[in-house]
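Residue-level structural notes
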Amino acid sequence: MAGSLMHRAARGLAVAATLALTLGAPPALAADAATVPAERTTEAARTAQAGRTAVTAPITGPGRAAEARNAAPDGRVTKNAVELQLRPDGVLHVKETLEFTGTGPTRKLVTRTRYDDGHDRVYQVANLRGGTLRGDSLTVTGRSPATLEYDVKGAVTPLGDAQELRWYAVGGWPVPVELATVKVTGPAQLQSLSCFAGVLTSAIGCTAASPDHTGTTADFEQQELGANEVLTVVVGYPAGATKGAPILQRRFELSNAFTLNTVTGGALAGLLVLLLGGLGLLYWTRGRDARVVGHESGALDAVQNGHFAPPDGVRPGQIGTLVDEQADVVDVTATIVDLAVRGYLRIDEQPRQTYDAPDWTLVRLPGAQVGALMPYERALYDAIFDGRDAVPLSQLKGTFAANLGKVRDALYRDVVTQGWFARRPDTVRTRWTTVGVVLTFAGVLATVALAWFTTYGVLGLALIIAGAALAVGGQYMPAKTAKGSAALAHTLGFREYLARGEVGADVPQAQRVELFSRYLPYAVIFDSVDRWARVVSSVTGNGQQADNLYWYHGPAEWDLSKFADSMRTFTTTTSGAISATRQLRSL
């Protein structure tokens with residue numbers, strides 16, 4: 001068997017080489033026709049030598065072919081006569097006359113082969129008559145003898161100074177073919193002939209191949225072609241004989257979809273510079289706070305003529321929103337303390353046992369001028385009491401949920417009313433963050449599309465990066481006006497003063513309790529509660545220790561020496577009670 005196969009291969013290749021040289025083929029084609037079998041055992045080798053395509057075949061040798069023949073359905077194809085006419089436009093017209101036993105067989109046409117690392121070569125079959133085509137399955141519809149006709153595009157390959165027609169003329173039948181003949185005619189003189197029989201990547205020559213006396217027609221023959229085996233014919237023509245060319249279709253592979261080379265890398269870098277530079281310019285023009293002159297900054301004392309006078313009249317809750325542009329939990333906590341210090345409510349610490357959780361009662365003070373409160377303060381005041389005269393702090397977890405959103409909205413409206421921001425900070429953040437998320441999503445879609453249809457998938461990453469940067473940077477887009485920047489500079493100067501914790505010697509003793517108590521809500525904002533709580537607990541109206549403050553009452557056996565610890569615990573507990581409603585966390 002092995003000797004017969006080797007004899008068959010040598011005979012076929014010798015015929016191909018003799019025909020190529022006889023027909024005056026270019027040396028490259030002649031050499032290709034005479035290539036030894038060892039060099040043609042893989043389609044990749046043929047591609048490297050002649051720029052041809054490669055496919056993977058399910059059968060890899062004569063043994064497997066014999067197995068396929070044994071497993072084939074009943075029936076045989078006694079004769080498959082094929083006429084191939086190559087037209088000047090590069091379209092190959094195929095006419096098959098088929099004689100068979102049994103029912104009409106179904107043939108697997110070769111409609112796609114591997115061309116290179118990134119593309120498949122596609123053979124387009126059209127204008128079928130005499131059968132049905134579903135995908136690559138061609139089924140004979142008539143009785144024996146039956147005739148099939150169809151056109152094939154993409155079977156011609158330009159090779160520099162020549163053109164090559166390669167077609168898998170016979171084969172793919174699930175039954176053996178006793179005799180296969182192929183006649184090829186074309187628009188020009190033949191330059192070379194070769195043929196291969198067996199599996200799709202076979203290097204074994206066919207039974208016979210010869211040109212006619214005119215040199216324009218070639219005849220091929222193969223006897224006993226096994227089930228699923230293929231007879232491939234290759235004919236060389238002069239360059240420009242037809243307008244045919246391979247039809248290539250990009251093959252999706254993740255490694256190719258994100259190819260990084262000089263072109264894609266440079267384009268990615270350019271897009272990143274353009275997009276991120278645009279975001280920087282956007283922040284510079286739209287998100288930057290207005291500048292203030294140098295004399296607006298520096299430490300500021302909030303005492304004028306012995307009375308408390310915060311810079312620009314800024315309230316604690318306003319300061320928090322002005323500094324970080326968000327209405328946070330700590331802003332509301334500081335406002336509650338401020339309302340107590342200013343005489344709108346009183347904070348009563350409740351007695352407790354050693355292992356009890358601390359609790360306080362917020363008591364509404366009669367006669368308080370609530371009409372003088374700012375809108376956000378009035379919203380908070382109403383949300384706390386809600387028609388009650390007193391409320392335990394522990395109960396605010398359940399009653400704040402419905403109204404705390406109003407406090408936040410009022411705070412954001414207030415900073416716009418004060419002229420510190422041109423637009424609400426939360427609205428600005430939400431708008432730019434939304435744009436960033438949309439841009440990121442568009443970048444994902446662009447990346448998928450570019451990766452699927454091209455090798456420039458990395459370019460879509462630029463949109464994703466820019467969108468993510470905008471979504472994050474949107475948090476910094478609220479911009480203060482000149483008035484807001486000046487108020488912020490004064491506020492930061494006030495924070496510097498509070499951080500030093502200095503008690504002015506010129507402040508009268510009678511005014512120290514009220515004055516230092518007024519500092520305390522601002523200390524809550526600036527995280528200086530411990531220092532100022534100790535300052536407050538150290539003095540009273542006459543300079544002596546006392547059991548309570550006018551706005552903070554402790555339980556029995558409690559005195560101001562414990563005020564600092566109580567105040568620190570109160571602010572922490574209040575912030576926890578408010579945040580438990582989950583209503584104040586802004587985007």
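Residues numbered from 1 in each chain as written. Predicted model: local features only at pLDDT ≥ 70, side-chain atom pairs only at ≥ 80, totals over all residues. Heavy atoms only, no water.

When you go through the protein residue by residue, the secondary structure sums to 17 helices and 23 strands. Expressed as a percentage of its 587 residues, the buried residues of the protein come to 47%. Put simply, 74% of the contacts in the protein that link residues at least 6 apart link residues at least 24 apart. (Helix = DSSP H or I, 4+ residues; strand = E, 2+ residues; numbered from the N terminus. Buried < 20%, exposed > 50% of the residue type's maximum accessible area, 1.4 Å probe, protein only. Contact = heavy atoms within 4.5 Å.)

Time to look at the sheet that holds strand β7 (residues 131-134). The three strands lie next to each other as β3-β8-β7, forming an open sheet whose pairing is antiparallel. Looking along the sheet, the strands with just one partner apiece sit at the ends: β3 (106-108) and β7. Neighbour to neighbour, the strand axes of the sheet diverge by 20° on average, direction disregarded. Pairing of β3 with strand β8 (residues 137-140) involves three bridges; the strand directions are antiparallel. Bridged to T106 within β8 is T139. (Pairing = 2+ DSSP bridges. Axes fitted to C-alpha atoms, helices over the stretch in contact; angles between N-to-C directions.)

So, about the nonpolar core. In this structure, I347, L362, W551, Y552, F563, M567 and F570 are the most contacted members of the largest nonpolar core, which totals 62 residues. Not counting chain neighbours up to four residues away, the residues in contact with W551 comprise V337, A340, V341, R346, I347, S517, L520, F563 and M567. Counting residues in hydrophobic clusters, the runner-up holds 48 residues, among them F100, A146, V230 and A241. (Core = buried A, V, L, I, M, F, W, Y, C linked by side-chain atoms within 4.5 Å.)

With that settled, the discussion passes to the pairing of strand β12 (residues 177-185). As defined by bridge partners, strand β1 (residues 77-86) adjoins β12 across seven bridges and the pair is classed as parallel. Looking at the pairing, L84 lines up with V184 of β12. Note that β12 and strand β15 (residues 217-225) share eight bridges and pair antiparallel. Bridged to T185 within β15 is T217.

Here the focus is the environment of T573. Looking at the element boundaries, T573 is found in helix α17 (residues 563-579). Overall, T573 belongs to the partly exposed group, its relative accessible area being 27%. Distance in space between the C-alpha atoms of T573 and W360 is 9.4 Å, their sequence separation being 213 residues. Those residues in contact with T573 that sit more than four places away from it in its chain are P358, W360 and L393. From its side chain, T573 meets the backbone oxygen of T569 in a polar contact 2.8 Å long. (Polar contact = N/O pair within 3.5 Å; in protein donor to acceptor, adjacent residues only side chain to side chain.)

Here the structure, examined in full by the defined rule, presents one disulfide. At a sulfur-sulfur separation of 1.7 Å, the disulfide partner of C195 is C206. Every disulfide takes its handedness from the sign of the S-S torsion; for C195 and C206 that torsion is -60°, giving left-handed. With C195 in strand β13 (residues 192-198) and C206 in the loop between β13 and β14 (208-211), this pair connects stretches of sequence that are 11 residues apart. For C195, a relative accessible area of 7% gives the class buried. (Disulfide = S-S within 2.5 Å.)

Chain-level pLDDT for the protein is 77 on average; 79% of the residues reach the 70-or-more range. Taken together, the stretch residues 1-72 has pLDDT below 50 and engages in 128 contacts with residues farther than four places along the chain or on a different chain. Between residues 581-587, whose pLDDT stays under 50, and residues either more than four places distant or in other chains, the model counts 24 contacts. (pLDDT = per-residue confidence, 0-100.)

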